[in-house]
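The primary structure of each chain is shown beneath.
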Amino acid sequence: MLEAVAFALFVTESVTGAIAAVGFTCVSLWVHVVLHECGHLVAAKLLRLPVIAVRIAPFTGRRSEVAVRPPSSATALPLRMVLFYLGGPMANLCTAAVLGAAAALTSTALTRVALLGAALVAVLLGVVNLIPGISPHSDGRNLLRWLLAPTASGAALRAGYYQEEVYRTLRAIARGDVDDDLLGDPVRDGNDPRLALAAFQRRWSMGHAQSAADFIADAERLAALARADSTDPMAAAAIAQALTVQFGLWYLHAAVVNRSPVEHREVLEISELAQIGLHVQPHRLSARLAMSLAHLLNQQPEHARSLLLDIRPGVDPPDLCSVAFLLRAIAECYLGNHADAATLIRTAGGDYQQLTQVVAAIQAADPVPPLFAPAPMADT
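What you are looking at is a predicted structure, and each value in this text was computed from that prediction instead of being measured. (Residues numbered from 1 in each chain as written. Predicted model: local features only at pLDDT ≥ 70, side-chain atom pairs only at ≥ 80, totals over all residues. Heavy atoms only, no water.)

Here helix α6 (residues 150–174) is 25 residues long and its end C-alpha atoms lie 36 Å apart, about the 36 Å a rise of 1.5 Å per residue gives. Within α6 the residues assigned to the buried category are S153, G154, L157, Y161, Y162, E165, V166, T169, L170, A172 and I173. Residue R175 follows α6 closely and has a positive phi angle near 60 degrees. (Helix = DSSP H or I, 4+ residues; strand = E, 2+ residues; numbered from the N terminus. Expected span 1.5 Å × (residues − 1). Buried < 20%, exposed > 50% of the residue type's maximum accessible area, 1.4 Å probe, protein only.)

Here we take up the packing of helix α9 (residues 233–257) against helix α11 (residues 285–297). The angle between the axes and the distance between the axes are what describe a pair of packed helices. Taken N-terminus to C-terminus, the directions of α9 and α11 make an angle of 40 degrees; their axes are 9 Å apart at the nearest point. Regarding the angle of α9 to α11, the classification is oblique. In terms of crossing hand, the pair formed by α9 and α11 is left-handed. Residues Q241, T244, V245, G248, L249 and Y251 of α9 touch α11, and the partners they reach there are S286, A287, L289, A290, L293 and L297. Here the contact of α9 with α11 is composed, by residue class, of eight nonpolar, four polar and no charged. (Axes fitted to C-alpha atoms, helices over the stretch in contact; angles between N-to-C directions. Parallel < 35°, antiparallel > 145°, perpendicular 65-115°, else oblique. Left-handed = near helix turned anticlockwise from the far one by under 90°. Contact = heavy atoms within 4.5 Å. Nonpolar A, V, L, I, M, F, W, Y, C, P; charged D, E, K, R; others polar.)

Once that is clear, we can look at the side chain of S286. Topologically, S286 is positioned in helix α11. A distance of 2.6 Å separates the side chain of S286 from the side chain of Q241, its partner in a polar contact. Apart from residues no more than four positions distant in its own chain, S286 is found in contact with I173, Q241 and L320. (Polar contact = N/O pair within 3.5 Å; in protein donor to acceptor, adjacent residues only side chain to side chain.)

What follows concerns the packing of aromatic side chains. Overall, the coordinates contain five aromatic pairs when judged by the stated rule. Plain terms: the ring middles of Y162 and W250 are 5.1 Å apart, the flat faces sit at 75 degrees to each other, and that makes the pair edge-to-face. Residue Y162 is found in helix α6, and its partner W250 is found in helix α9; the two are separated by 88 residues along the sequence. Taking relative accessible area as the criterion, W250 reaches 24% and is therefore assigned partly exposed. Grouped by ring-pair contacts, the aromatic residues F200, F215, F247 and Y251 constitute a single cluster. Of note, R69 hangs over the ring of Y161, and the distance from its end group to the ring centre comes to 4.1 Å. (Phe/Tyr/Trp six-rings, centres within 6.5 Å; stacked < 30°, edge-to-face > 60°. Lys NZ or Arg CZ within 6 Å of the ring centre and 35° of its normal.)

Here the focus is the pattern of salt bridges. Applying the stated rule across the entire model yields twelve salt bridges. One salt bridge connects E272 with R227, and the closest N-O pair in it is separated by 3.0 Å. Taken together, the positions of E272 in helix α10 (residues 264–280) and R227 in helix α8 (residues 212–227) put the pair 45 residues apart, joining distant regions of the chain. Among the residues examined, E272 registers a relative accessible area of 38% and is labelled partly exposed. Between D316 and R312 there is a salt bridge; the shortest N-O distance is 3.0 Å. Judged by relative accessible area, which is 40%, R312 ranks as partly exposed. (Salt bridge = Lys/Arg side-chain N within 4 Å of Asp/Glu carboxyl O.)

Residues L243, L252, L327 and L371 are the most contacted members of the largest nonpolar core, which totals 68 residues. Those residues within four positions of L371 in sequence are excluded, and the remaining contacts are L252, A255, V256, P261, V262, L296, L297, I330 and Y334. Core analysis: the next-biggest nonpolar cluster, separate from the first, contains 14 residues, L77, V82, W146 and Y161 among them. (Core = buried A, V, L, I, M, F, W, Y, C linked by side-chain atoms within 4.5 Å.)

A separate point is the packing of α6 against α9. Two numbers describe how α6 lies on α9: the axes approach to 10 Å, and their chain directions differ by 155 degrees. Relative to α9, the element α6 is oriented roughly antiparallel. Classified by chirality, the crossing of α9 by α6 is right-handed. Of the residues in α9, those in contact with A159, Y162, Q163, V166, T169, L170 and I173 of α6 are Q241, A242, V245, Q246, L249, W250, L252 and H253. Broken down by class, the residue content of the contact of α6 with α9 amounts to ten nonpolar, five polar and no charged.

With that settled, consider the side chain of S64. Mapped onto the secondary structure, S64 falls in the loop between β1 (51–55) and β2 (65–68). By relative accessible area, S64 is classed as buried at 17%. Reaching out from S64, the side chain makes a polar contact with the backbone nitrogen of A57 at a distance of 2.8 Å. Setting aside residues up to four positions removed in sequence, S64 forms contacts with V33, E37, R55, I56, A57 and P58.

The next subject is unusual backbone geometry. The omega torsion across D366 and P367 is 5 degrees, close enough to zero to call that bond cis. In this structure, R48 is a non-glycine residue whose phi angle is positive, near 60 degrees. By secondary structure assignment, the location of R48 is in the loop between α2 (15–47) and β1. Phi angles above zero are rare outside glycine, and R259 is one such case at about 55 degrees.

On to the layout of surface pockets. Counted as a void, the largest pocket has a volume near 1,300 Å³. Lining the largest pocket are 36 residues, with R63, E65, Y85, H137 and N142 positioned closest to its centre. Contributing elements (two or more residues each) for the lining of the largest pocket: α2, β1, β2, α3 (77–105), α4 (109–130), α5 (139–148) and α6. A per-element tally of the lining of the largest pocket places α6 first, with six residues. Partitioning the lining of the largest pocket into residue classes produces 18 nonpolar, ten polar and eight charged. (1 Å grid on protein atoms, 1.4 Å probe; cavity = no way out; pocket = protein on both sides within 12 Å on 5 of 7 lines; lining within 4 Å. Points joined across faces, edges and corners; volume = space filled by probe spheres on them.)

Take a look at the structure:
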């Protein structure tokens with residue numbers, strides 16, 4: 001800033017002119033941020049990428065962005081995503097070129113300095129956003145990822161959508177039992193079980209866990225609360241159902257998409273938690289849904305199917321009904337009833353597209369992929 005004032009003062013030979021030129025340059029930053037996001041927005045519209053959010057918040061500490069939600073199976077998706085991420089920086093660089101040309105045509109020193117300063121800000125904003133290592137959310141890092149690893153980027157996109165569906169299921173299970181204003185710190189020993197569960201789910205949904213190890217450690221502390229005799233049975237059931245559904249759905253995704261069946265130890269743990277929830281609330285759909293996941297992972301599709309025969313779409317939460325229909329479709333696939341599975345997929349609707357694709361992949365596979373790893377042989 002001091003160098004800019006000194007340079008402007010040297011050129012304009014006027015303190016007022018120097019302050020005006022530098023002030024115009026600083027104000028132009030806000031305009032360039034708007035133009036940057038407009039570049040992304042125009043690119044998204046031209047490339048037919050669905051826009052789900054537009055946020056412009058310079059000088060607030062929040063990230064300005066245009067968020068898109070492209071279908072993972074869209075045609076030429078890597079190229080379209082690269083062009084989308086280029087839209088913002090290109091808008092800044094084009095603006096800089098226009099400002100530079102205008103500065104070259106003016107004969108007034110003050111105007112020339114102001115235009116050149118604004119052009120420099122536009123160039124810096126565009127170039128900095130193209131540097132891959134400058135930020136984990138920079139345009140350069142995102143477009144480089146789609147250029148160098150399009151398959152992995154597409155898989156990450158689908159996994160992100162699947163995570164949203166898992167969280168949506170967990171919210172349907174919670175039914176707003178805990179007020180968001182009461183949520184405290186992440187899981188700690190001695191916390192109220194329900195508040196601990198709510199805080200854990202908030203951390204996970206917002207990506208605030210420091211590492212996978214921290215996430216697992218918090219989940220294990222919650223599981224210990226569910227097993228503790230001192231925990232209220234209803235709170236224990238809520239924890240057990242949430243953990244079973246959360247990890248069970250991800251085990252399902254890992255087994256089908258990543259071809260990584262769940263280990264026998266995890267099967268036993270998830271079955272134990274599911275039993276806690278079903279024992280306390282045997283008629284609640286969330287408890288039966290959790291237990292059916294445990295049965296599927298434990299090589300018992302017939303038991304999973306029996307728990308989900310009396311789904312009540314008009315009574316039970318719609319999201320849970322959709323998930324239950326899809327889990328029952330998995331059970332039917334493993335029992336060889338492919339026509340029934342196809343009917344259940346249609347009945348579930350299209351609200352859970354990623355989970356529907358997982359179920360359809362199981363239905364189309366021959367043989368069906370294993371959801372579980374073989375149990376270790378007992379010593380004789």
